[in-house]
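# Secondary and tertiary structure notes
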Amino acid sequence: MNYNLSILLLFFINSAIFADEPIALITKSSGNVEYKISSENKFRSNAHVNTAIFHNDGIKTKARSFVQFVYFDDGLVVSAYPKTECTINGIIEKRRISKQVELTTGILKIRVLNQNTNGFKLITPHSELTCHECDFWVISDQKEGDRFY
């Protein structure tokens, strides 16, 4: 019995070690923030502070909600305001993360500091933006398009 338990424990530790690495972490959250793992089809109401974000995960904020996440490699900060839906992407190459956020609808504030590699890419239904050092707001609406500040 003890032998089987130790093999099972080693299996779970091995799976955790070789699993996909997180690319970002939720640092602030208030209200009803939903989170979708890339392998699932539906959003779940369990996004809270210290939730790890992996490549192709989704975030959706409801009315009177807010969430902020930070990429691990350089501290790039993305804040999502009420009624926002986005997909977070990032591929780790040589200890650097190629960052991309796909905004479906809503309001994001993005602060990019010193991107040494490919830069940060924001994709909306209406436009695409790449920057290496910037601080901006984007409001994306399917009817009115995008506004950048």
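First things first, this report covers the structure right here in the doc. (Residues numbered from 1 in each chain as written. Predicted model: local features only at pLDDT ≥ 70, side-chain atom pairs only at ≥ 80, totals over all residues. Heavy atoms only, no water.)

The next point concerns the pairing of strand β7 (residues 85-93). Pairing of strand β4 (residues 57-61) with β7, which is carried by four bridges, proceeds in the antiparallel orientation. Its bridge partner lying in β7, Asp-57 is registered against Ile-88. Where β7 and strand β8 (residues 96-112) come together, nine bridges link them in antiparallel fashion. The residue of β8 that forms the bridge with Ile-92 is Ile-97. Where β7 folds back on β8, the antiparallel hairpin that results is connected by two residues, among which Lys-94 adopts a positive phi of roughly 55°. (Pairing = 2+ DSSP bridges. Helix = DSSP H or I, 4+ residues; strand = E, 2+ residues; numbered from the N terminus.)

The next thing to look at is the nonpolar core. The biggest cluster of nonpolar side chains holds 28 residues, and the ones touching the most others in it are Ile-59, Phe-69, Tyr-71, Val-101, Leu-108, Phe-120 and Leu-122. Elements supplying a minimum of two residues to this core: β1 (24-30), β2 (33-36), β5 (66-71), β6 (77-80), β7, β8, β9 (120-123) and β11 (134-141). A per-element tally of this core places β8 first, with six residues. Ignoring anything within four residues of it in the chain, the contact list for Leu-108 reads Val-78, Ser-79, Ala-80, Thr-84, Val-101, Leu-103, Leu-122, Phe-136, Trp-137 and Val-138. (Core = buried A, V, L, I, M, F, W, Y, C linked by side-chain atoms within 4.5 Å. Buried < 20%, exposed > 50% of the residue type's maximum accessible area, 1.4 Å probe, protein only. Contact = heavy atoms within 4.5 Å.)

Under the criterion given, the structure shown has four aromatic pairs. Note on Phe-69 and Tyr-71: the rings are 6.1 Å apart at their centroids and 65° apart in plane angle, and the pair reads as edge-to-face. Feature note: the residues Phe-66, Tyr-81 and Trp-137 constitute an aromatic cluster, connected by ring pairs. The ring centre of Tyr-71 lies 5.7 Å from the NZ or CZ of Lys-99, which sits over that ring. (Phe/Tyr/Trp six-rings, centres within 6.5 Å; stacked < 30°, edge-to-face > 60°. Lys NZ or Arg CZ within 6 Å of the ring centre and 35° of its normal.)

As for its position among the elements, Ile-23 is in the loop between α1 (2-17) and β1. Along the primary structure Ile-23 and Phe-72 are separated by 49 residues, whereas in three dimensions their C-alpha atoms are 5.9 Å apart. Apart from residues lying up to four places away in sequence, Ile-23 is in contact with Ile-53, Phe-54, His-55, Val-70, Tyr-71, Phe-72, Ile-88, Asn-89, Gly-90, Ile-92 and Ile-97.

The next subject is the state of the cysteines. Under the counting rule described, the total for this entry stands at one disulfide. Here Cys-131 connects covalently by a disulfide to Cys-134, the sulfurs 2.0 Å from one another. Taken as a pair, Cys-131 and Cys-134 share a single burial class, namely buried. (Disulfide = S-S within 2.5 Å.)

Both β6 and β8 contribute to a ladder of four bridges, which runs antiparallel. Within β8, the position partnered with Val-78 by the bridge is Ile-110. Sheet analysis places β8 next to β9, joined by four bridges and oriented parallel. Within β9, the position partnered with Val-101 by the bridge is Leu-122. The pairing of β8 with β11 spans seven bridges and is antiparallel. The residue of β11 that forms the bridge with Arg-111 is Asp-135.

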